[in-house]
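# Summary of structural features
Take a look at the letters that make up each chain.
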Amino acid sequence: FFFFNDTATTEIYTEQIVGSVRCVQETDPMLPGVIKELEDKNLIKVDNEAKCIFVEGSQNPIIAQKSDGGYNYASTDLAALKYRIQDLKQERIIYLTDVGQEPHFKAVFKAGQMANWCDPAKHRLDHMGFGLVLGEDGKRFRSKSGVSVKLIDLLNEAHNQALEQLKKRIESSQEGQQTNLKEEELDEVAEKIGMAAIKYYDLKQNKISNYKFSYQNMLDPKGNTAVYLLYSYARLCSIIRKSELSEEGLNQLIHGTEFMITHPHERTLALTILKFPEVLDIVTDELAIHKLCDLIYDVAVKVAEGYSKYRILNDPNTNTRILLILAARDLLEKAFYLVGIKPLEKI
């Protein structure tokens, strides 16, 4: 199972694709032997000249071999399951496809148990289904010409729109709507913002729910978006810089200062940060990545609320409040990595 963590736009799916190709290369030669093994275990029933496995609770049989002797996706899925468990010794396998394929994979998992390839006490097999991406009209998201939209085109458009936003900030004189970026930095920053916006907007959804694709919503600097989170992270970094503490000074602060609650809201923020390990356990157990996104946003919101409640710098409690700022920054940085967002220290 892979969280997005790419090094370039064109490499987003490289690891997944290479892994899938390798699995197919290994399992294709296995197919005749897998069918024979299933026959030897009396799991194959011939139906309309096709070799099928009838799984209890499944509406349709698994067609392990077609009537003409050829193989299909089900054949490969069966062989791949056997290969991953017996050859690769995997204890947990997560299949990521659209939610409509869940009945098929549940049947394949059951067939693997019937063949004694996997033991529920030792192996965990999960299907992680996802809903549809819809257009503004509520129908399956496609281009104006009616064809499927390429991911690279979506990322390029997100980059372009993020770039326009940054250019407007350079020209803006309104406080809070400006940027500290130089013009030569805009393109690289826009690339990171655009990619983060699409990834985060997708991952924050309940995975089985359909959602409408909207650049306007994805790139909104307010609300639960990657843009808002990146600005939150950049502001935390700015506060740390303005504290004028060196790396050595920050380390001394971390190891030599006892953290104290000096305001009720600090307790609220600290308790939210402490939820991180628990949320990670839930995410890996339930495959609910949106719950990690909820925590990231919750931390960012509570950090912002603190700005209006107490001073951080030039205050008698600055040292302990800097510790809380460091903890919030570190959580966002680790969580960004998990959802494939590259943090920006200034925007």
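Look a little higher up for the structure.
Since the structure is predicted, the reported quantities are computational estimates derived from the model, not experimental observations.

Another point: the pattern of salt bridges. Taken as a whole, this structure holds 15 salt bridges when the rule is applied. Where glutamate 188 meets lysine 192, a salt bridge forms, and the shortest distance between an N and an O atom there is 3.8 Å. One end of the pair is glutamate 188 and the other is lysine 192, both in helix H6 (residues 186-203) and four residues apart, which spans about a single turn. Look at glutamate 188 and you get exposed, because its relative accessible area is 52%. Residue classification places lysine 192 among the partly exposed positions, given a relative accessible area of 25%. With its nearest N and O atoms 3.1 Å apart, the salt bridge here joins arginine 329 to aspartate 330. Judged by its relative accessible area of 31%, aspartate 330 falls in the partly exposed class. Residues joined in a network through salt bridges with shared partners are Arg92, Arg124, Asp126 and Asp285.

Inspection of the secondary structure assignment puts leucine 287 in the loop between helix H11 (276-286) and helix H12 (289-307). Through-space distance from the C-alpha of leucine 287 to that of methionine 128 is 7.0 Å; in sequence the pair is 159 residues apart. Discounting residues that sit within four places of it in the chain, leucine 287 has contacts with Arg92, Ile94, Asp126, Met128, Lys207 and Ile282.

Because each turn of an α-helix spans 3.6 residues, side chains separated by three or four positions in sequence point in the same direction. Helix length check: H6 (18 residues) gives 25 Å between terminal C-alpha atoms against 26 Å at 1.5 Å per residue, within 8%. Here H6 lies mainly inside the structure; 13 of its 18 residues are buried.

Here the focus is the pairing of strand E4 (residues 92-98). Strand direction decides the pairing type here: E4 and strand E5 (residues 124-130), joined by seven bridges, are parallel. Directly across from tyrosine 95, in E5, lies its bridge partner histidine 127. Handedness of the crossover is the feature at issue here: the chain leaves E4, passes through helix H4 (residues 102-114), returns alongside E5, and the resulting connection is right-handed.

Quick notes on the rules
Residues numbered from 1 in each chain as written. Predicted model: local features only at pLDDT ≥ 70, side-chain atom pairs only at ≥ 80, totals over all residues. Heavy atoms only, no water. Salt bridge = Lys/Arg side-chain N within 4 Å of Asp/Glu carboxyl O. Helix = DSSP H or I, 4+ residues; strand = E, 2+ residues; numbered from the N terminus. Buried < 20%, exposed > 50% of the residue type's maximum accessible area, 1.4 Å probe, protein only. Contact = heavy atoms within 4.5 Å. Expected span 1.5 Å × (residues − 1). Pairing = 2+ DSSP bridges. Right-handed = clockwise from strand over helix to strand, strands pointing away.

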